[in-house]
Amino acid sequence: MLRLPPFAYHPAASLEDAVGMLARYGWRALVVSGGTDLFANMKQRLFTPEVVVGLRPLRELSYVRASEGGVAIGALTTLTHIAEDPVIESRYPALHEAVSVISTPQLRNMGTLGGNICLDTRCNYYNQDYDWRRALGFCMKKDGQVCRVAPKSPTCVAVNSSDSAPVLIAYGATLRLAGPEGRREVPAAEFFRNDGMRPWCKRPDEILTEVRLPALPAGTRAAYRKLRLRNAIDFPILGVAVMLQVEAGVCVRARVVLNAVASKPVEVPDAAAALVGTDLNPRALDEAADAAYAAGKPLDNTSGSIPYRKRMLRVFARRALAACAPGS
Amino acid sequence: MTVAPPKILLQLRVNGTDMACAAHPNKTLLEVLREDLGLTGTKHGCEMGHCGACTVLLDGRPVLSCLALAVEAQGHEIRTVEGLAHGPHLHPLQQTFAETGAAQCGYCTPGFLMTAAALLETTRTPSEADIRQAIAGNLCRCTGYTKIVEAIALAAERMREQAEHV
């Protein structure tokens, strides 16, 4: 049987209490919200914290609050709650689409938005049990020295597998963090780093508390398209988030963000450049999809072959773009 | 760490009954239900959140007990497959699963029953798409899902009829 390694469990009495415990226990402690990612990884001995700080009692961090300035979502809001929220569905459809296709209904009832954003990066050579990894001699992300996917790579290339991440970047969301030195805000685009072992700018003693989505100008449309082996459960092996703003029939702003092709979501400025100034005719959409195809460089670290995922880049980018183009 | 943290007292409300036991804080709800409370109806499947065999209801919502800590389930209403029947009377879902042959080896069945029970409590007239979406997180490795979908639809129909006759 797969047991969790031993740990002491401390429920957080307040956010300040949780931040204080992280400061006190340092590297020996980890926070948990839904547990769907962390506990699975702990069963495989990818993490063995001495102390687990439970954030679940912090009900005050579970909310979707709409205002004129946008929408604020508490980090502990479950994915089901967000998927069922009518304001998110009508005003931020790409986020609705993304959270609705994360794993399974049971896991969405447990998993939170904060947990999905802080999902550990994934790799075929990392998300394995201890004996499997030991038989291979481990990898640099856990217990070993080299990257098994790209042996000459100085950094880990494990894949960002969060469906919400590319969408939040496309929408220009801001993330709020709380730490021992107070609170700070980070644009979603700057939160992620292209390093599979240190995939966020969040320090280990900081806790993600809130996601703020900006109010969107009229004519904004967005979509997310996800490729996975089994549509009932799997992590993305490719994701494409698109946000477009159209004024008088002309695209004035665009953002295209790819997922599951690097350790962070990859923004494609060339795709945006192919769209801005056009009337989003099929040829402009093709050019943007070509740019997404050129920018995405899948590695051999998820399911699905590299050529298949590479080929699907253009297909899924084109589908996400078509879903945003007027008249579609 | 050299010494495992001591056991803690857990107070859980399962199927409407308050239960208490002492267990280590790293025990999952699945392990406590089966090993400390003797409720072995909930099954160990993959234990990694992939299969849905360990599904229980937490405040009416299906969750995976293999990835939930027992200590965090305190203060919530837990329902397991043992709580479905009323005395000698099977839940309509248990009846229809048996009648339509929706259970083959039966290992995934408790998880399917709990997921389906939660669906029928919120959706009186589920479409086939509703049913398939609801059970998307439950794997059956014996066969396809046709009989399971039929059993859930039939149970929904009987529950509607029962509600009309009351």
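Note that this is a predicted model, so its numbers are computed, not measured.

Scoring rules and cut-offs
Residues numbered from 1 in each chain as written. Chains lettered and ligands numbered in written order. Predicted model: local features only at pLDDT ≥ 70, side-chain atom pairs only at ≥ 80, totals over all residues. pLDDT = per-residue confidence, 0-100. Pairing = 2+ DSSP bridges. Helix = DSSP H or I, 4+ residues; strand = E, 2+ residues; numbered from the N terminus. Axes fitted to C-alpha atoms, helices over the stretch in contact; angles between N-to-C directions. Contact = placed C-beta atoms within 7 Å. Nonpolar A, V, L, I, M, F, W, Y, C, P; charged D, E, K, R; others polar. Domains from an automatic or database assignment. Expected span 1.5 Å × (residues − 1). Bend = angle between axes of the 7 residues up to and from the residue. Buried ≥ 20, exposed ≤ 12 C-beta atoms within 10 Å, placed from the backbone.

### Concerning the confidence of the model for chain B
- The share of residues in chain B with pLDDT of 70 or more is 99%, and the mean pLDDT across the chain is 96.
- On the interface metric, ipTM, the complex scores 0.97, and its pTM is 0.97.

### Some thoughts on the sheet that holds strand β2 (residues 29-32) of chain A
Residues and elements named next belong to chain A.
- Strand order in the open sheet formed by three strands is β1-β3-β2, with parallel pairing between adjacent strands. Lying at the two open borders of the sheet, with one neighbouring strand each, are β1 (8-11) and β2. Each adjacent strand pair in this sheet contributes to an overall mean axis angle of 25 degrees, direction not counted.
- Packing of helix α1 (residues 15-25) onto the sheet brings it into contact with β1, β2 and β3 (51-54), and relative to β2 it is tilted by some 155 degrees.

### Topic: the sheet that holds strand β3 (residues 55-58) of chain B
Residues and elements named next belong to chain B.
- Taken together, five strands build an open sheet; the order of strands is β2-β1-β5-β3-β4 and the sheet is mixed. The open sheet has two free edges, formed respectively by β2 (17-23) and β4 (61-64), since each of these has just one partner strand. When strand polarity is set aside, the average angle formed by the axes of neighbouring strands in this sheet is 45 degrees.
- Where strand β1 (residues 8-14) lies against strand β5 (residues 77-79), two bridges are found, and the strand directions are parallel. Note that in β5 the partner of valine 14 across the bridge is isoleucine 78.

### Some remarks on the interface of chain B and chain A
- Facing 26 residues of chain B, the contacting portion of chain A comprises 24 residues.
- Ranked by the residues each element gives to the side of chain B that touches chain A, the list is headed by β4(B), at four residues.
- When grouped by side-chain class, the residues that make up the side of chain B that touches chain A number 14 nonpolar, nine polar and three charged.

### A short note on the domain arrangement of chain B
All names here are of chain B.
- Looking at the assigned domains, one finds that chain B contains domain 1 (8-83) and domain 2 (92-165).
- Look at where the C-alpha atoms of domain 1 and domain 2 centre, and you get two points 22 Å apart.
- Residue contributions to the side of domain 1 that touches domain 2 peak at three residues, all from β3.
- The residue inventory of the side of domain 1 that touches domain 2, partitioned by class, reads seven nonpolar, five polar and two charged.

### Things to note about helix α13 (residues 306-324) of chain A
Residues and elements named next belong to chain A.
- Helix length check: α13, at 19 residues, gives a terminal C-alpha distance of 27 Å against a target of 27 Å (1.5 Å per residue), a fit within 8%.
- At leucine 313, α13 shows its maximal kink, close to 30 degrees.
- Here α13 has its buried residues at Arg309, Met312, Leu313, Phe316, Ala317, Arg318, Ala320, Leu321 and Cys324.
- Residues of α13 that are buried in the fold lie against β9 (220-227), β10 (238-247), β11 (250-259) and α12 (282-295).

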